[in-house]
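Residues per chain, in single letters:
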Amino acid sequence: MKWAEELLVETRETLRVLPPLEGTPPELAEFQRGSLIEQKVVSRKDYLSDTWCHMNASRASRPFTFRSWSVEAPGRACTFCPGSEALTARDVDTGGDTLRLGDHPWGLRLFPNLYPWLQGHQNIVETSSHKFTLGELDAEEEVRALRVMRELSLRFLAGGLFPVIFKNQGFGASIFHFHWQVGALRRPPTRIYREMVVADSFAHRWGLNMFDAIIEAERARGVRLIVETSTLFVLAPFAPRTNGEVWLICKGPMVNLGQCREEDLSSLAALLVDVLKALNSELRVENLCVALNQVPEDPAYRLHLKVLPIKSWAGAERGLEEYTVEVPPEQVAAALRPVLGGRRFVSASKP
Ligand SMILES: [Zn+2]
C-alpha cells in the first residue's frame, strides 16, 4: 500500500522550553528533562487537502477538554415551534410552506430562509418538538429530512447547480430549534472543490478512489475507526480540524444524495443520529455543525458527512488555516467505539 504513505502524512518534533522561574506546572513535570521541558508535537496533513492539524502530546495526556456553552434556556418563544409559523418566510408559489408533513402538530416543515445567501435557500425543520440536547435526536425524523434533502438535491443537480446542505446545532445557530439548511451554488463549495482536485489526482496516480483508500488504510490501522456497517464507514479523521471531528463515509459508489436508495438514507440517518448522541453522551459535545459533502458527477469523489463540534478557532485557525486540537482522533475513536458497537475492529496501535 504505497499510496497509504501519501494519505497518512505525519511529522513529529520535540519542542523545548525553559520552565517558569517559580517551578514547573505539575501537569508538565513528567516532560521535564533537566532544566528544560520537552514536549512532542505531532503534525498531520488532512487526507483530502493541504490543511494541517497540530497536536501537543502533553496536552493529549490531559483529560478531555470539551467545552460546553449553555446556549438556550427552556421557555423562550421559538420561531420554529408550532404556533409561530407566521414568523417564518412563505413560499412564493404556495403562499405558505414549500412542504409540510403531518397536521397537528406538523411533522416536518420546508420553507424559504428569510435571509438567503444560497440559490433556493430553504430551512428544513425536521421536528415540531422543541428539543434541547442532541440526545433527543430521532432517526425517523432525520430520515424524513434526508428524503427531502434528496429531492431538493436532485432538483438542484437537474438545474446544473451544486447542492449545499448543512446543519448548525447549538452555539453558532441563529435559531436553536433543530433544523437543516439546504440550497445551492453555481460552482462547487470551496472545500469540496479542493477535495475534488486532490481526489481526482489521487485516482489518476493510483487508479483507486481516494475514499476507498482512506477506508482501507484506516481499517488496517483500526485506531481511528469508530464503527463500520455494510454501507458506511465512520472514523475520527487522521488530521481533525476540531476536537471530536467525525466523518461518515458511504462505502458504495454514490457521490450525491440523489443516488441513494431508501435503505441508504435509513442507515445514514440512523448512524448519524447514533454518532451525534454518542458525541453528546461520551464527550459532552453540545454544539456542532454537520456538512454534507456531495458532487454532481465524479467517480473519484464519494458522498460523506463531516461532523465538526464547535471549538473556538482563533488566529492560527481563522487567520492561517493551521488547526490545533487537544484531543487526538485516536482518543475520540476510543471513546465512541464502545457505544457505537465497533469493538471488533480494534486492532494494534500504529500511527
Ligand atoms: Zn422551537
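In case you missed it, the structure is sitting above this.
Residues numbered from 1 in each chain as written. Predicted model: local features only at pLDDT ≥ 70, side-chain atom pairs only at ≥ 80, totals over all residues.

Turning next to the pairing of strand β11 (residues 232–235). Neither face of β11 is left uncovered, since the one carrying Leu232 and Val234 and the one carrying Phe233 and Leu235 both have all their residues buried. Between strand β10 (residues 225–228) and the antiparallel strand that follows it, β11, lie three residues. When β11 meets strand β12 (residues 246–250), the two strands line up antiparallel, connected through four bridges. The residue of β12 that forms the bridge with Phe233 is Ile249. (Buried ≥ 20, exposed ≤ 12 C-beta atoms within 10 Å, placed from the backbone. Helix = DSSP H or I, 4+ residues; strand = E, 2+ residues; numbered from the N terminus. Pairing = 2+ DSSP bridges.)

The antiparallel open sheet is built from ten strands, whose spatial order is β5-β6-β7-β9-β8-β13-β14-β12-β11-β10. Either end of the sheet is taken by a strand with one partner, and the two such strands are β5 (99–101) and β10. Going from strand to strand, the sheet's axes swing by 15° on average, the running direction of each strand aside. The pairing of strand β8 (residues 162–169) with strand β9 (residues 180–185) spans five bridges and is antiparallel. Its bridge partner being in β9, Val164 is matched across the sheet by Gly183. (Axes fitted to C-alpha atoms, helices over the stretch in contact; angles between N-to-C directions.)

The pairing of strand β6 (residues 108–112) with strand β7 (residues 119–125) spans four bridges and is classified as antiparallel. Within β7, the residue paired with Leu110 across the bridge is Ile124. In textbook terms, the turn of a hairpin is the stretch between consecutive antiparallel strands, and for β6 and β7 this stretch comprises six residues. Where β7 and β9 come together, four bridges link them in antiparallel fashion. Each bridged residue has a counterpart across the sheet, and for Gln122 the counterpart in β9 is Val182.

Of all hydrophobic cores here, the largest spans 76 residues; its most connected members are Ile124, Met149, Ile226, Val234, Leu248 and Val275. No other element matches the eight residues that helix α6 (residues 262–283) contributes to this core. For Ile124, the residues in contact, after removing those within four places along its chain, are Leu108, Leu110, Ala145, Val148, Met149, His179, Trp180 and Val182. (Core = buried A, V, L, I, M, F, W, Y, C linked by C-beta atoms within 7 Å. Contact = placed C-beta atoms within 7 Å.)

A word on unusual backbone geometry. Of note, the bond from His104 into Pro105 is cis; its omega dihedral lies within 30 degrees of zero at -10°. The topology assignment puts Pro105 in the loop between β5 and β6. Positive phi outside glycine occurs at Glu321, with the angle close to 60°. Note that Glu321 resides in the loop between α7 (315–320) and β15 (322–324). Owing to 13 C-beta atoms within 10 Å, Glu321 belongs among the partly exposed residues under this scheme.

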